[in-house]
Amino acid sequence: MKKTLLAALLLGIAAAPAMANLQLAQKYSCTACHAVDKKLVGPSYKDVAKKYAGDKGAEAKLIAKVKNGGSGVWGPVPMTPHPNIPDADLKALVKWVLSQK
C-alpha cells in the first residue's frame, strides 16, 4: 500500500510542472498565438524546442525574445513584447517550451 501511494505521489509531482507551465502559457495568453503541436500565428512549442535543441544559450535567448519581442526568426509576423511577465514565470515557461518533444 505504501509503495502504491508513493508511486502515485511521485507521478503526480512529475506531471504537475508540465501542467503548471501550460497553465502559465494560458494565463499570459501565449496560447493565443502558440500551440503545443501546431503552428498558429507563431510556431508551435514543439517546433521551437526542435529548433533550439542543443543550443546552450537557448534559454537566455528565448527569455529575451519573449520579454522584448522580436521578428524575423519564424517569418514576417513579429512577436509582441511581454515585459509584464514575472521573471520566474518567464523562466518556467521557456524551460517548459524547450522541454517539448
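Residues numbered from 1 in each chain as written. Predicted model: local features only at pLDDT ≥ 70, side-chain atom pairs only at ≥ 80, totals over all residues. Heavy atoms only, no water.

Run through the overall build of the protein chain, naming residues and quoting values.
The helix and strand inventory of the protein chain stands at four helices and zero strands. The helix and strand sequence of the protein chain, counted from the amino end, reads α-α-α-α. In the protein chain, which comprises 101 residues, the proportion classed as buried is 26%. Summarising the internal contacts of the protein chain: among those between residues at least 6 apart in sequence, 45% fall at separations of at least 24. As displayed, the protein chain offers around 6,800 Å² of accessible surface, 65% of which is attributable to carbon and sulfur atoms. (Helix = DSSP H or I, 4+ residues; strand = E, 2+ residues; numbered from the N terminus. Buried < 20%, exposed > 50% of the residue type's maximum accessible area, 1.4 Å probe, protein only. Contact = heavy atoms within 4.5 Å. Areas by Shrake-Rupley, 256 points an atom, 1.4 Å probe, with all protein chains shown as cover.)

How would you explain helix α2 (residues 45-52) if you had to name every residue and give the values?
The periodicity of an α-helix, 3.6 residues per turn, causes residues three or four places apart in sequence to face the same way. Among all positions of α2, only Tyr-45, Val-48, Ala-49 and Tyr-52 are buried. Buried residues in α2, looked at end-on, bunch into an arc of 100 degrees, giving them a common side. Immediately beyond the C-terminal end of α2, within one or two residues, lies Gly-54, with a positive phi of roughly 85 degrees. (Arc of directions from axis to C-beta.)

Explain the nonpolar core to me, using residue names and the numbers behind them.
As a rule of thumb, soluble globular proteins bury nonpolar side chains together. Ranked by internal contacts, the top residues of the largest apolar core, which has 16 residues, are Ala-25, Tyr-28, Cys-30, Tyr-45 and Leu-93. Dropping the residues within four chain positions of it, Tyr-28 is found in contact with Ile-85, Pro-86, Asp-89 and Leu-93. (Core = buried A, V, L, I, M, F, W, Y, C linked by side-chain atoms within 4.5 Å.)

Describe the pattern of salt bridges, with residues and values.
Enumeration over the complete set of coordinates arrives at four salt bridges. A salt bridge links Asp-55 to Lys-61, with the shortest nitrogen-to-oxygen separation between them at 2.6 Å. Classification of Asp-55 by relative accessible area gives partly exposed; the value is 27%. Judged by its relative accessible area of 45%, Lys-61 falls in the partly exposed class. A salt bridge links Lys-95 to Glu-59, with the nearest nitrogen and oxygen atoms 3.3 Å apart. Note that Lys-95 is positioned in helix α4 (residues 87-99) and Glu-59 in helix α3 (residues 58-68), a separation of 36 residues in sequence. Where salt bridges share partners, they join Glu-59, Lys-91 and Lys-95 into one cluster. (Salt bridge = Lys/Arg side-chain N within 4 Å of Asp/Glu carboxyl O.)

Help me get a handle on the packing of α3 against α4, residues and values and all.
Between α3 and α4, whose axes approach to 9 Å, the crossing angle comes to 125 degrees. Judged on the interaxial angle alone, α4 and α3 are oblique. You can see that α3 and α4 cross each other, and the crossing is right-handed. Here Ala-58, Glu-59, Leu-62, Ile-63, Val-66 and Lys-67 of α3 come into contact with α4, specifically with Asp-87, Leu-90, Lys-91, Val-94, Lys-95 and Leu-98. (Axes fitted to C-alpha atoms, helices over the stretch in contact; angles between N-to-C directions. Parallel < 35°, antiparallel > 145°, perpendicular 65-115°, else oblique. Left-handed = near helix turned anticlockwise from the far one by under 90°.)

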